[in-house]
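Coordinates in review
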There are 2 protein chains.
Amino acid sequence: MNLKELSALLGLSQTTVSRALNGYPEVSEATRRRVMQVADEHNYRPNTRAKALATGRAMAIGHVIPLSTQHEMMNPIFGDFIAGAGESYSQAGYDMVLSLVADEDQSRAYHEMFAKRNVDGIVLHAPKMQDSRITMLQEIGLPFAVHGRATDITTPYSWLDVNNTSAFRRATDFLLDLGHRHICLVNGQESMDFAFRRREGYAAALQARDIAPDPALMFAGEMTEVYGYDTVRRTQSLETPPTAYLVSSIIAAFGVRRAIEELGLVMGRDVSVITHDDDLSYLRNGAEVPVFTSTRSSVRVAGRRLAKLLISQIEEPCASPLTELLEAELTVGRSTGPAPHRT
Amino acid sequence: MNLKELSALLGLSQTTVSRALNGYPEVSEATRRRVMQVADEHNYRPNTRAKALATGRAMAIGHVIPLSTQHEMMNPIFGDFIAGAGESYSQAGYDMVLSLVADEDQSRAYHEMFAKRNVDGIVLHAPKMQDSRITMLQEIGLPFAVHGRATDITTPYSWLDVNNTSAFRRATDFLLDLGHRHICLVNGQESMDFAFRRREGYAAALQARDIAPDPALMFAGEMTEVYGYDTVRRTQSLETPPTAYLVSSIIAAFGVRRAIEELGLVMGRDVSVITHDDDLSYLRNGAEVPVFTSTRSSVRVAGRRLAKLLISQIEEPCASPLTELLEAELTVGRSTGPAPHRT
DNA sequence: CAACACATTTAAAGCGCTTTGGAGGCAAAA
DNA sequence: TTTTGCCTCCAAAGCGCTTTAAATGTGTTG
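Before going further, it helps to spend a moment on the protein's contact with DNA strand D. Around DNA strand D, the structure places 27 residues, and the nearest of them are Arg19 of chain A together with Leu3, Ser18, Arg19 and Tyr24 of chain B. Restricting attention to atoms of DNA strand D within 4 Å of the protein, one finds that 58% of them are sugar or phosphate atoms. Within the contact set of DNA strand D, a phosphate oxygen lies 2.9 Å away from a side-chain nitrogen or oxygen of Thr16 of chain A. Between Ala54 of chain A and DNA strand D, the recorded distance is 3.4 Å, taken from a backbone N or O atom to a base oxygen. Of all the elements in the fold, those that place two or more residues in the surface near DNA strand D are helix H2 (14-21) and helix H4 (48-55) of chain A together with helix H2 (14-21) and helix H4 (48-55) of chain B. Its residues assigned to classes, the surface near DNA strand D shows 10 nonpolar, 13 polar and 4 charged.

This is how it looks when you write it as structure tokens:
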């Protein structure tokens, strides 16, 4: 069923039917109702491609996901982010198109998305500190919004980020207040902007109490279970092992816990752990009482909001860039306790 | 840059330019080269929307992801599947469009995808045993392929599946060979087709050795870490606790391991564990030596192959449905060993 | 040299929609 | 009665591409 057939059926012109369906005022309420009803009966939906061609709006938003080295796609937080964004999109009538590309093809992918004009905007994932993609998109002139920020980019752009610095500063303070003095940072890869900011927060808290950050206690790597496990095994054999771990991801935190338990230590008594918790739907941090004390910020909510932000950006093209900074909340679980006295 | 401008630039008609770019034979090699070059210089890409409208092919494939109850999207395997599918899509020049919808809107979503004509085909995720979506899509007449199967649907359709039955039968046999007689099945939700098939395999292996499957040792649920943990805690306090666990997901297996270690038992000595391993890129089963003995089958490869299968289905519409059954491989790790003698 | 086949190229229609610029009808105002 | 304005509705152009049918040139043959 297309518009032509539908309007023939109704004995009206295509113009009128189109207007009736799109809520234009030049149609009497009576005919509008009639049109609506018949359209509904025949389950009519305008052909997206034709509509997009006519309006110049694709009603779709692109996500370019680098496949290979960065492992972004496989990043377990991605699913939840997409789920959140998808909610906003379907609410606003947008489709989501994913383009999975090898790292080296990324630049081409963005240009192509623009030239092919099958999206109205793009979400940028996992920004690095100086991310060339941002300036590229600015030059191209395709609306975009970044999940995170790129510290070294000074020109304004739209973004949504968690306040990583304050979250990790607060978590570190919490541990310091509990008497911990040897706090190990189990961070993500430092080329990532969020990891940099977390380290800043961690270092700032220490320095505020005149503690020099110890490089031997600061780790950066891909946030896997094994990474968390290995880091604990390695650090617990130091001369003065850390009494607390500040972890960047709940997956790594699982590894941290495993190593702690394997060493015969009790988490929350012998060793304290705080993790950042993206509130992933399939990796819940305990049921009623959270297992881990954590800085929590739902990545799903982030997806939802960033999508909205981008949509309003698209629909109001002249407006200046929009930004949103989410504060993580510190949730106390059973993984933290006062620093044990050294024997 | 659009076709009109490009052909004006070249001093050729749109027809010729279009043909040159699309590899039609009615164009001299000389002009083709010239066209190609100028198009390249100006970074020309045909407008997808216009092309789709003219050809009737959207060059896009849809994935409808139910959001709420089923938690399919958040399912951690989803990311890897999508990554695999994405590889095949971009290779073949297709886009991937995701539609995240609430469970109750699913039927509407499929009809809409068809009516809006913005995809050429659909991938169906997480089929249940009698899945109404399959018959619905057959009626609609939109090409589709299923990741998994629906036991109760008898009409032919395209699918790709892991041989869940044989995988779990083989794993159970392996445990039986090691002398285990009380094997606990930690399965996924039994409305899911794959879970049903796995139980079938498990039961068949037991029955082949005249062991009656014990309902007290068969669990079904959402495959979270906590679910695995709880199941072990619960079963280890039985009168005759199981000496082995057969687990449906590596995430649940992490919980199984945690509970085992917490009980002071040693995995592979006191209790054996086999898990199904989807070979997720961010949850590797150990480095050199796998931690878990597992039935392994890469869900990413599955995505890649299913996408190809669907594409050939789309491009050869009259052909009969295609199917592919992947065999999981049994990888022996350190989580299994001979059944301990009862004290 | 005319006639033909063949290789290139083109004009124009059409894909299904939106939207501009009118047209027709009718009631109120002149 | 004519004019004006408003309310409905419509014909047709146009979005950027493909594709059919036809036109143009070029070389070959009788």
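Residue and element names in this part refer to chain A. Counting through the fold element by element, Arg181 comes out in the loop between helix H8 (164-177) and strand E6 (183-187). Judged by its relative accessible area of 40%, Arg181 is partly exposed. In this structure, Arg181 is in contact with Leu176, Ile211 and Thr243, ignoring residues within four places of it in sequence.

Our focus in this paragraph is empty space enclosed by the protein. In total, this model carries 6 cavities of 30 Å³ or more according to the counting rule given. Considered as a void within the structure, the second largest cavity measures approximately 250 Å³ in volume. Taken together, 16 residues line the second largest cavity, and the ones lying closest to its centre are Asn118 of chain A together with Arg49, Ala58, Ala60 and Asn118 of chain B. Those elements that provide at least two residues to the lining of the second largest cavity are H4 and strand E2 (95-101) of chain A together with H4 and strand E2 (95-101) of chain B.

Residue and element names in this part refer to chain B. Taken in spatial order, the 6 strands of this open sheet run E7-E6-E8-E9-E10-E12, and their pairing is mixed. If you trace the sheet from one side to the other, it starts and ends with strand E7 (218-220) and strand E12 (329-331), each paired once. If you compare each strand with its neighbour and ignore which way they point, the axes differ by 15° on average. Two strands pair when backbone bridges link them, and strand E6 (residues 183-187) and strand E8 (residues 244-247) are joined in this way by 4 bridges, in the parallel orientation. Paired with Cys184 across the bridge in E8 is Tyr245. Against the sheet, helix H8 (residues 164-177) contacts E6, E8, strand E9 (272-277), strand E10 (293-296) and E12, and its axis sits at roughly 170° relative to E8. Packing against the sheet, helix H11 (residues 250-262) makes contact with E8 and E9, and its axis sits at approximately 160° to E9.

Further remarks concern the protein's contact with DNA strand C. The immediate surroundings of DNA strand C are formed by 27 residues, with Leu3, Ser18, Arg19 and Tyr24 of chain A together with Arg19 of chain B found nearest. When the atoms of DNA strand C within 4 Å of the protein are sorted by group, sugar and phosphate make up 55%. Measuring from a phosphate oxygen of DNA strand C, one finds a side-chain N or O atom of Tyr24 of chain A at 2.5 Å. Of all elements in the fold, only H2 and H4 of chain A together with H2 and H4 of chain B reach the threshold of two or more residues within the surface near DNA strand C.

Here we come to the relation of the copies chain A and chain B. Rotating chain A by 180° about the axis while translating it 0.1 Å along that axis superimposes it on chain B, leaving an RMSD of 0.1 Å. This pairing of chains is accounted for by a two-fold axis. Taking the C-alpha atom as reference, chain A places Val97 of chain A closest to the rotation axis, 2.1 Å from it. The residues that chain A uses at the interface reappear at the interface of chain B in 100% of cases, marking a shared surface.

Turning our attention to the packing of helix H11 (residues 250-262) of chain A against H11 of chain B. Axis separation between H11 of chain A and H11 of chain B bottoms out at 11 Å; the angle between their running directions is 20°. Taken as axis vectors, H11 of chain A and H11 of chain B run roughly parallel relative to one another. Here H11 of chain A and H11 of chain B pass one another in a crossing that is left-handed. Across the interface between the two elements, Arg257, Arg258, Glu261 and Glu262 of chain A from H11 of chain A touch Arg257, Arg258, Glu261 and Glu262 of chain B from H11 of chain B. Here the residues of the contact of H11 of chain A with H11 of chain B are counted per class, giving no nonpolar, no polar and 8 charged.

Between chain A and chain B, the residue contacts involve 47 residues of the former and 48 residues of the latter. For the pair chain A and chain B, the interface holds 6 salt bridges. In this structure, Glu225 of chain A and Arg257 of chain B form a salt bridge, with 3.0 Å as the shortest nitrogen-oxygen distance. Elements with a minimum of two residues in the side of chain A that touches chain B: H4, helix H5 (76-92), E2, helix H6 (106-116) and H11 of chain A. Here the residues of the side of chain A that touches chain B are counted per class, giving 20 nonpolar, 12 polar and 15 charged. Relative to E2 of chain B, E2 of chain A is paired through 3 bridges, and the arrangement is antiparallel. Bridging across to E2 of chain B, Met96 of chain A finds its partner in Leu98 of chain B.

A word on the sheet that holds strand E4 (residues 144-147) of chain A. Strand order in the open sheet formed by 12 strands is E11(A)-E5(A)-E4(A)-E3(A)-E1(A)-E2(A)-E2(B)-E1(B)-E3(B)-E4(B)-E5(B)-E11(B), with mixed pairing between adjacent strands. Two strands close off the open sheet at either side, each with one partner strand: strand E11 (323-326) of chain A together with strand E11 (323-326) of chain B. Neighbour-to-neighbour, the strand axes of the sheet open up by a mean angle of 20°, direction not taken into account. Pairing between strand E5 (residues 158-162) of chain A and E11 of chain A: 4 bridges, direction parallel. For Leu160 of chain A, the partnering residue across the bridge sits in E11 of chain A and is Glu324 of chain A. Docked against the sheet, helix H12 (residues 299-315) of chain A engages strand E1 (60-66), strand E3 (121-124), E4, E5 and E11 of chain A, running at close to 160° with respect to E4 of chain A.

Analysis parameters
Residues numbered from 1 in each chain as written. Chains lettered and ligands numbered in written order. Predicted model: local features only at pLDDT ≥ 70, side-chain atom pairs only at ≥ 80, totals over all residues. Heavy atoms only, no water. Near = heavy atom within 4 Å. Polar contact = N/O pair within 3.5 Å; in protein donor to acceptor, adjacent residues only side chain to side chain. Helix = DSSP H or I, 4+ residues; strand = E, 2+ residues; numbered from the N terminus. Nonpolar A, V, L, I, M, F, W, Y, C, P; charged D, E, K, R; others polar. Buried < 20%, exposed > 50% of the residue type's maximum accessible area, 1.4 Å probe, protein only. Contact = heavy atoms within 4.5 Å. 1 Å grid on protein atoms, 1.4 Å probe; cavity = no way out; pocket = protein on both sides within 12 Å on 5 of 7 lines; lining within 4 Å. Points joined across faces, edges and corners; volume = space filled by probe spheres on them. Pairing = 2+ DSSP bridges. Axes fitted to C-alpha atoms, helices over the stretch in contact; angles between N-to-C directions. Least-squares fit on C-alpha atoms with pLDDT ≥ 70 in both. Parallel < 35°, antiparallel > 145°, perpendicular 65-115°, else oblique. Left-handed = near helix turned anticlockwise from the far one by under 90°. Salt bridge = Lys/Arg side-chain N within 4 Å of Asp/Glu carboxyl O.

Note that every value here comes from positions in space, so none of it alone points to a role or purpose.
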